[in-house]
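# Breakdown of the fold
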Amino acid sequence: MEPIPFDKRAGKIWFNGEPVNWSDVKIHVLNHGLHYASCVFEGERVYDGEIFKLEEHTERLFHSANRLGFKIPYSQDHINKSCKDIVKIQKVKNGYVRPVVWRGSEMMAISAQKTKIHVAIATWEWGSYFDPKLKGIKLNISKWRRPAPNTIPWDTKASGLYMICTLSKHEAEKQGFTDSLMLDHEDNVAEATGANIFFKDRNGELHTPIPDSFLDGITRRTVIQIAKSKNIKVHERKIKPDELKNFVGCFLTGTAAEVTPVSCIGENKFKVCELII
Ligand code: PMP
């Protein structure tokens, strides 16, 4: 059965301060966010009715908005409470929360100083991002690089950053892979299209790229914390693609991806273990 399109679902979406009927949450086609990517968002997981690391996600939402020059017209506490409220209203037990902030339709040009800042929070039941039947996912290496840090506000979840992610992911899927490994502007290993990456060496130690031109994921930070608490060494360092052959394991981390084992990157094969760390 085809999944129900996201604009045809039932219930409520929190929209500019209150829960509104799902089908009534509409924006005009002449909208700055749509035309000029003046839009930031978050992705959060609900486990057993509770949002995982909600406060950190809201902090990052405000950081992203601030980097794009938006002033969110609510406090962080208000957004936290609204996220919890909409999860309750929608009765989501295990799912996803998507807060999104964008510039409205008051101006339709590069300059958008007088646009209103809109905020919506949607939530839905959601399972695994990657097919759980797969014994480790397969990555290709994207022809698109993560942009250099002086070319875009790279440490945000700004929608514009995802254009090359969708291009990379589509190309990977066309070639029979599940996702794509993106390199940075200096040809170091960076991340997948919506998740950070870790490698395991022969000694059981972990290696992960320094997030200096891409998102320092909340899941990434959590995994590092857990690893350190188990006395597993984590090396945050520059990793070159020709080192991939030396690693025995690999996994992705992210709110959507959770912790997903990788079985190969191009020609490089990894052992898929039951326990990642
Ligand atoms: N990189 C990108 C490009 C992402 O979209 C995500 C998902 N938000 C991540 C990394 C992982 O971040 P987090 O663990 O905070 O979800």
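Before any of the text, the structure's been laid out above.
Quick look at the structure, then. The structure displayed is predicted, hence computed values, not measured ones.

### Points about the packing of aromatic side chains
- Counted by the stated rule, this structure contains twelve aromatic pairs.
- Residues Phe 15 and Trp 102 carry aromatic rings whose centres are separated by 6.1 Å and whose planes lie at 15 degrees to one another, so their mutual orientation is stacked. Here Phe 15, found in strand 1 (residues 12–15), pairs with Trp 102, found in strand 6 (residues 95–103); they are 87 residues apart in sequence, far enough to count as distant. In this pair, the class of Phe 15 matches that of Trp 102, namely buried.
- Through a chain of ring-to-ring contacts, the aromatic side chains of Phe 6, Tyr 96, Trp 124, Trp 126, Tyr 129 and Phe 130 assemble into a single cluster.
- One cation-aromatic arrangement involves Arg 9 over Phe 6; the distance from NZ or CZ to the ring centre is 3.9 Å.

### Some details on the pattern of salt bridges
- This structure, assessed with the given rule, holds 13 salt bridges.
- Residues Glu 171 and Lys 174 are paired through a salt bridge, measuring 3.5 Å at the closest nitrogen-oxygen approach. One end of the pair, Glu 171, and the other, Lys 174, are both in helix 4 (residues 163–174), three residues apart, so they sit about a helical turn from each other.
- When salt bridges that share partners are traced, they join Asp 216, Arg 220, Arg 221 and Glu 236 into one network.

### Some details on unusual backbone geometry
- With phi around 55 degrees, Asp 48 is a residue other than glycine that occupies positive phi space.
- The residue Asp 48 is located in the loop between strand 4 (44–47) and strand 5 (50–51) in this model.
- Backbone geometry places Glu 258, a non-glycine residue, at a positive phi of 55 degrees.
- As for its placement among the helices and strands, Glu 258 is situated in strand 15 (residues 258–265).
- Here Glu 258 falls in the partly exposed class, since its relative accessible area comes to 24%.

### Concerning the site of the ligand
- Inspection of the region around the ligand gives 15 residues, with Tyr 162, Glu 191, Ile 218, Thr 219 and Thr 255 positioned closest.
- Arg 60 is positioned with one of its side-chain polar atoms (N or O) 2.8 Å from an oxygen atom of the ligand.
- Between the ligand and the protein, one listed contact pairs an oxygen atom with a side-chain N or O atom of Tyr 162 at 2.5 Å.
- Elements represented by at least two residues in the shell around the ligand include exactly helix 5 (218–229) and strand 14 (249–254).
- For the shell around the ligand, the class distribution of residues is four nonpolar, eight polar and three charged.

Cut-offs applied
Residues numbered from 1 in each chain as written. Predicted model: local features only at pLDDT ≥ 70, side-chain atom pairs only at ≥ 80, totals over all residues. Heavy atoms only, no water. Phe/Tyr/Trp six-rings, centres within 6.5 Å; stacked < 30°, edge-to-face > 60°. Helix = DSSP H or I, 4+ residues; strand = E, 2+ residues; numbered from the N terminus. Buried < 20%, exposed > 50% of the residue type's maximum accessible area, 1.4 Å probe, protein only. Lys NZ or Arg CZ within 6 Å of the ring centre and 35° of its normal. Salt bridge = Lys/Arg side-chain N within 4 Å of Asp/Glu carboxyl O. Near = heavy atom within 4 Å. Polar contact = N/O pair within 3.5 Å; in protein donor to acceptor, adjacent residues only side chain to side chain. Nonpolar A, V, L, I, M, F, W, Y, C, P; charged D, E, K, R; others polar.

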